[in-house]
Amino acid sequence: MGATFTMFSRSKMIQALLAHDSYVPLTTLQVALTRSIPVTNSTAAQLLEPTTGGYVRQSYAADSAHWASSGFGEYYNTMVVTFPQVTAVGWGLIRGWAVLDPGSGQCIAVGSILDPFAATAGMIPRLDPGVLLRGLYD
């Protein structure tokens, strides 16, 4: 499902446009799964991520090979984001996602998963291309 950029990332976009001499582009992002749907102003510390069973955020590049324009003012992931195999119960019901700047620990975008899933032992969670759809919707 589509998600808007957070206030942190909106500030970075304005900086890139109006003060580009002080803007440093990101090269790597992290993708997180969440047990609740994060709100637009969420920070990484506020995310309700799984804490057991082999869960770890996944790195995802910030480049045109990994992100493409929908043609409607949005960008989406072009590659599958694969998480480690769930090794134990405790991940819970996965309802949302977040894209983070690993350097600052700030959320870039947050969103909901159209079809939430219960992460059970043995499964390998993945977010298919197009799931991380991000745009400016206000």
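Before reading further, recall that the structure is shown in the block above.
Heads up: these notes are all about the structure in this document. Because the structure is a prediction, the values reported are computed rather than measured. Numbering of residues begins from 1 in every chain and follows the order in which that chain's sequence is written. With the structure being a predicted model, the display of local features is reserved for residues of pLDDT at least 70 and the display and counting of side-chain atom pairs for 80 or more, all residues being used for whole-chain, interface and lining totals. Hydrogens and water molecules were not included; the side-chain quantities draw on all heavy atoms of the structure.

## As for a nonpolar patch on the surface
- Taken together, the side chains of I14, L17 and L18 make up a nonpolar region of the molecular surface, amounting to roughly 370 Å² of accessible area.
- Counting from the N terminus, the helices are the DSSP runs of H or I reaching at least four residues and the strands are the DSSP runs of E reaching at least two. Note on placement: I14 falls in helix α1 (residues 7-18). The patches described consist of residues with a relative accessible area above 30% and no salt bridge, like charges being joined within 9 Å and nonpolar side chains (Val, Leu, Ile, Met, Phe, Trp, Tyr) within 5 Å. Note on areas: these come from Shrake-Rupley sampling with a 1.4 Å probe, and a residue is covered only by the protein chains present in the view. The term salt bridge refers to a side-chain nitrogen of Lys or Arg lying within 4 Å of a carboxyl oxygen of Asp or Glu.

## Focus: the environment of A119
- The residue A119 is located in the loop between β8 (106-118) and β9 (126-127) in this model.
- On the accessibility criterion, A119 (7% relative accessible area) is buried.
- C-alpha of A119 to C-alpha of P50: the two residues are 69 residues apart in sequence and 9.5 Å apart in space.
- Look past the residues within four positions of A119 in its chain and what remains in contact with it is V86, W91, G92 and I94. Using a 1.4 Å probe on the protein chains alone, a residue whose accessible area is under 20% of its type maximum counts as buried, one over 50% counts as exposed, and one in between counts as partly exposed. Should any heavy atoms of two residues lie within 4.5 Å, those residues are counted as being in contact.

## Focus on the side chain of S42
- The topology assignment puts S42 in the loop between β2 (28-34) and β3 (58-61).
- Owing to a relative accessible area of 6%, S42 belongs among the buried residues under this scheme.
- Leaving out residues up to four positions away in the same chain, S42 has contacts with L47, C107 and V110.

## Some words on the nonpolar core
- We call a set of buried residues a nonpolar core when its members are Ala, Val, Leu, Ile, Met, Phe, Trp, Tyr or Cys and they connect through side-chain atoms within 4.5 Å of each other. Ranked by size, the top nonpolar core spans 29 residues in total, and within it L33, F83, W97, L127 and L132 carry the most contacts.
- Only β2, β7 (93-101) and β8 provide two or more residues apiece to this core.
- Per-element accounting of this core gives the leading share, six residues, to β8.
- Discounting residues that sit within four places of it in the chain, L127 has contacts with V31, L33, N77, M79, V80, V81, F83, W97, I113 and L132.

## So, the sheet that holds β2
- When DSSP finds two or more bridges between two strands, those strands count as paired. What the four strands build is an open sheet, ordered β3-β2-β7-β8; its pairing is antiparallel. The open sheet is flanked by β3 and β8, the only strands paired with a single partner. Taking each pair of neighbouring strands and ignoring which way they run, the sheet shows an average axis angle of 30°.
- Pairing analysis gives four bridges linking β2 to β3, with the strands arranged antiparallel. By the bridge assignment for β3, V31 is matched with Q58. Only C-alpha atoms enter the line fits that serve as axes; for helices the fit covers just the stretch in contact. Angles between N-to-C directions range over 0 to 180 degrees.

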